[in-house]
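# Structural description and commentary
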Amino acid sequence: MTDAAASTKAPDDKTASPPRQPNLLDRLALRMTHASTSIPLTRMGGIVTQVTPAYVQISGLSRQLKLGDCLSFGSGPTPQLGEVVRIDGEGATVKPFDANLKIGPGEIAWQHGSQSLRPHASWKGRVLNALGAAIDGQGPLLEGPRSYPFDAEPPAAMSRERVRSPLKSGVRVMDLFTPLCAGQRIGIFAGSGVGKSTLLSMLARSRGFDTVVLALVGERGREVREFLEDALAQNRSRAITVVSTGDESPMMRRLAPKTALAIAESFRDAGDSVLLIIDSVTRFAHAAREVALAAGEAPVARGYTPSVFSELPKLLERAGPGAEGTGSITGVFSVLVDGDDHNDPIADSIRGTLDGHIVLDRKIADQGRYPAVNVLTSVSRLANTVWSAEQRKLVMMLRAMISHFEDTRDLRLMGGYQKGADAELDKAIDIVPKLYEAMKQSLGDQPSVDPFQEIARALAPDPKDDGQKVATR
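Throughout what follows, the structure given in this document is the object of discussion. Only a predicted model underlies this, so the values are computations on that prediction, with no experimental measurement involved.

## What about helix α12 (residues 389-407)?
- Taking 1.5 Å of rise per residue, the 19 residues of α12 would be expected to cover 27 Å, and the 27 Å separating its terminal C-alpha atoms lies within 8% of that figure.
- Regarding α12, the residues found buried are Val-395, Leu-398, Arg-399, Met-401, Ile-402 and Phe-405. For α12, the angular spread of the buried residues around the axis is 165 degrees, confining them to a single face. Of the exposed residues in α12, those oriented more than 90 degrees away from the buried face are Ala-389, Lys-393 and Asp-407.
- Buried positions along α12 lie against α3 (172-177), α13 (409-413), α14 (423-439) and α15 (451-459).

In structure tokens form, the structure reads like this:
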């Protein structure tokens, strides 16, 4: 069985054997094949004319370059790389990937064309940087036969499969109020410290996917191993992690989600059901803003440049169902809401592009209810594909109860409500606290299997209470 065939087997198929680890001959053969097809006989170079902390100016290559092309500086075994972000008659502006670029005027910059990588089935379980190089100390990566560009176009709208298959995330509140489908794209909107990373960790352990691709963008360095060894402990062998920590250059933070998407696209084309988690899209937008400002673009909204708002939908649209006969990419994108302002330009733009949004509320977190999901403001645009008619009716009833309960909270705290004045409110006062307690779930709890049955058991009347009522009559 080949590696590609093994990677398409469902995770619960007991007859499937794990992908064979490549040996030295495999690596040598693929490297020779890649070198013979990708390394040109000649190469072109330009001259470095200006070096600043934000960019490098190159002359002599303006007519041969395109936006997004990669250039290398130096002739050592590990040359430093940069990307063309602006071209004019005087030269090209290059933004380096390395924050500590060590070059000076007069040095040569070599042209490499557009960036791409060759994902392979053996990449599962590995940790990569934004450029697609291994950083886990387990040796170099084996390259696959097909090249995937970092800036690929989304699949054509009319060739995509429709989203129909429901998924179980294992998170009770999500499966109940904002259910997911294979190929759906949903955002998790939250301020800092509200439990966003914990919720993503709970989603990452879901067993309903063949492959998990995770992009940690701008994260704290200490949190990377915690996420890999704790949240991904059960799914580590099926996960590929792309890491760009907060101390890396904006070019690396901007590239990391594109690298993760290129990897996810390769497994989708192989027929896998892929879970893609990007944490967070906001930091990608911040990095894209820094790059655009260095290229001379003028800001238009809270310091964000127009190109940021054109890059976001292009990035998000690459996730979703693939062409007919292939797999799908279920995208979960975390959005760090600056200052808890959910009308922030980035949050507003992302919300309109995705197939649903889950809002984490700081007030709910302050009450100790995790995940701190506000079910009244969270929406899944594909929920009707998942719910039956009875389930839809039940969820709408529960939403109405929660809304009635929360709208009268201040009135009840002040003692302005007397029991019996409103039958619907009396019912909400009895049921909603039990519902809140039933929706609590931590990373250490077992994943939810059937949220409707679990909620029904939690809301069922206690037989002891009935016995006490009978005894007192």
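## A look at unusual backbone geometry
- With an omega dihedral of 5 degrees, the bond running from Asp-279 to Ser-280 counts as a cis peptide bond.
- Checked against the element boundaries, Ser-280 lands in the loop between β15 (273-279) and α7 (281-294).
- Of note, the amide linkage connecting Tyr-370 to Pro-371 takes the cis form, showing an omega dihedral of -5 degrees.
- Tracing the sequence through the fold places Pro-371 in the loop between α10 (362-366) and β19 (379-380).
- Of note, Arg-302 is a non-glycine position whose phi angle comes to about 50 degrees, a positive value.
- Tracing the backbone through its elements, the reader meets Arg-302 in the loop between α7 and α8 (306-317).
- Judged by its relative accessible area of 53%, Arg-302 is exposed.

## Digging into the environment of Arg-318
- Counting through the fold element by element, Arg-318 comes out in the loop between α8 and β16 (320-321).
- For the pair Arg-318 and Ala-152, spaced 166 residues apart in sequence, the C-alpha separation works out to 7.8 Å.

Procedures and definitions
- Residues numbered from 1 in each chain as written.
- Predicted model: local features only at pLDDT ≥ 70, side-chain atom pairs only at ≥ 80, totals over all residues.
- Heavy atoms only, no water.
- Helix = DSSP H or I, 4+ residues; strand = E, 2+ residues; numbered from the N terminus.
- Expected span 1.5 Å × (residues − 1).
- Buried < 20%, exposed > 50% of the residue type's maximum accessible area, 1.4 Å probe, protein only.
- Arc of directions from axis to C-beta.
- Contact = heavy atoms within 4.5 Å.

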